[in-house]
Amino acid sequence: MEVIIKQDAEKVSWEAAALFCRQLREKPDSVFGLATGSTPVRLYHLLGEMAQAGELDLSQATTFNLDEYVGLPGAHPQSYASFMREHLFAHVPVARWHVPDGMAGDIPQLCAAYEQAIREAGGIDLQLLGLGSDGHIGFNEPGSSLGSRTRLKTLTAQTVADNACYFSSPAEVPRHVVTMGVGTILEARHCLVLAFGERKAQAVAAMAEGAITAMVPASALQMHPVCTLIVDEPAAALLQRREYYRWVYENKPAWQRA
Ligand code: F6R
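Now for a quick tour of the structure. A quick note: this is a predicted structure, and the numbers were derived from the prediction, not measured. (Residues numbered from 1 in each chain as written. Predicted model: local features only at pLDDT ≥ 70, side-chain atom pairs only at ≥ 80, totals over all residues. Heavy atoms only, no water.)

It is worth spelling out the sheet that holds strand β4 (residues 67-69) at this point. Strand order in this open sheet of 3 strands is β4-β8-β7, and the pairing throughout is antiparallel. Each having just a single partner strand, β4 and β7 (151-154) make up the two edges of the open sheet. Across the sheet, the axes of successive neighbouring strands diverge by a mean angle of 30°, strand direction being ignored. Of the pairings in the sheet, the one linking β4 to strand β8 (residues 176-179) comprises 3 bridges and is antiparallel in character. Paired with D67 across the two strands is T179, which belongs to β8. (Pairing = 2+ DSSP bridges. Helix = DSSP H or I, 4+ residues; strand = E, 2+ residues; numbered from the N terminus. Axes fitted to C-alpha atoms, helices over the stretch in contact; angles between N-to-C directions.)

The following block contains the structure:
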């Protein structure tokens, strides 16, 4: 896993945007896996600004979002489909985008079809991930199988509390989601994890330097051959090898840079 430490969230977002640009340069019809939540918002806005300046083109790209709340229609303001329209798709035309349908009557069938659609698109080239303060990726909460596929999950009380700020009360946060599994995520060709702030420091350290365990689903990314973790200084605070990561980044050959 490559760990990149940047001074602040703004610089993390710029570094991630550069990786999106590089991916599109190499393959204009790339397939992206996308995340919601607070972490990618600035990155999406940067991509929007770059698209408007003619520096980035997603018009041949396909996207698959990681997850969606069960029971929220796509038009609900807190649905992840609405989030993606507001922060990205309204500003950057994308050839095809997919967010799981939180209102599907047959959830297992929806999940199987989502996996099939990813396969038919040729698999995910670059998978963007935020990190839960409990170590989740997608909504694969602690205890999730590291081989899991897209399926229904029940959120932990901690995630419900973390997400309550987006709803008028914690009671309104749906308890269930459809999420890509850890196994689904691990099949992406490149995984890109972003994390900001002191609140994520423990999860970042457990993910990158702790044991691989279902209790920290993000730790499964240690098994991924091409995983980039970009964090700000507060999120890096508990990494034991942070000075080494800085050294590696400073000495990175030019051809490896985004
Ligand atoms: C959202 C998702 C989640 C978030 C994670 C971090 O699509 O998959 O795993 O990335 O909960 O959320 P924020 O960015 O709000 O801290």
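So that's the structure; there's more coming.
Quick look at the layout of surface pockets now. Computed from the structure, the largest pocket encloses a volume of approximately 350 Å³. Lining the largest pocket are 23 residues, with T36, G37, L131, H136 and N163 sitting closest to its centre. Top contributing element to the lining of the largest pocket by residue count: helix α5 (residues 157-163), with 3 residues. Of the residues in the lining of the largest pocket, the class split is 8 nonpolar, 11 polar and 4 charged. Reported here for the second largest pocket is a volume of approximately 290 Å³. Around the second largest pocket sit 18 residues that line it, and L19, R22, H190, V226 and T228 are the ones nearest its centre. (1 Å grid on protein atoms, 1.4 Å probe; cavity = no way out; pocket = protein on both sides within 12 Å on 5 of 7 lines; lining within 4 Å. Points joined across faces, edges and corners; volume = space filled by probe spheres on them. Nonpolar A, V, L, I, M, F, W, Y, C, P; charged D, E, K, R; others polar.)

In contact at an axis separation of 8 Å, helix α2 (residues 41-52) and helix α3 (residues 80-89) are set at 45° when each is read in the N-to-C sense. The angle between the axes of α2 and α3 places the two elements in the oblique class. Where α2 approaches α3, its residues V41, Y44, H45 and L47 are matched on the opposing element by F83, M84, H87 and L88. The residue makeup of the contact of α2 with α3, split by class, is 6 nonpolar, 2 polar and no charged. (Parallel < 35°, antiparallel > 145°, perpendicular 65-115°, else oblique. Contact = heavy atoms within 4.5 Å.)

Residue placement: Q23 occurs in helix α1 (residues 9-26). Here Q23 falls in the buried class, since its relative accessible area comes to 12%. Every residue in contact with Q23, bar those within four places of it in the chain, is listed here: S30, F32, D125 and L126. (Buried < 20%, exposed > 50% of the residue type's maximum accessible area, 1.4 Å probe, protein only.)

To continue, consider a nonpolar patch on the surface. A cluster of nonpolar side chains, namely Y244, W247 and V248, defines an oily patch on the protein surface of about 330 Å² accessible area. Positionally, Y244 belongs in helix α9 (residues 242-250). (Patch = residues over 30% accessible without salt bridge, like charges linked within 9 Å, V, L, I, M, F, W, Y side chains within 5 Å. Areas by Shrake-Rupley, 256 points an atom, 1.4 Å probe, with all protein chains shown as cover. Salt bridge = Lys/Arg side-chain N within 4 Å of Asp/Glu carboxyl O.)

Counted according to the given criterion, the structure contains 0 disulfides. Here C111 stays free of any disulfide, with the sulfur of C191 as its closest cysteine sulfur at 19 Å. Under the relative-accessibility criterion, C111 is labelled buried at 4%. C227 takes part in no disulfide bond, and the closest cysteine sulfur, belonging to C191, lies 5.6 Å away. (Disulfide = S-S within 2.5 Å.)

Further remarks concern the site of the ligand. Around the ligand, the structure places 15 residues, and the nearest of them are T39, D67, H136, G138 and K200. Here S38 contributes a backbone N or O atom positioned 2.9 Å from an oxygen atom of the ligand. Within the side chain of D67, an N or O atom sits 2.7 Å from an oxygen atom of the ligand. Against a free-state accessible area of 410 Å², the protein chains account for coverage of 94% of the ligand. When atom positions are compared with the pocket grids, the ligand is found to occupy the largest pocket. (Near = heavy atom within 4 Å. Polar contact = N/O pair within 3.5 Å; in protein donor to acceptor, adjacent residues only side chain to side chain. Sits in = over half its atoms within 2 Å of the grid points.)

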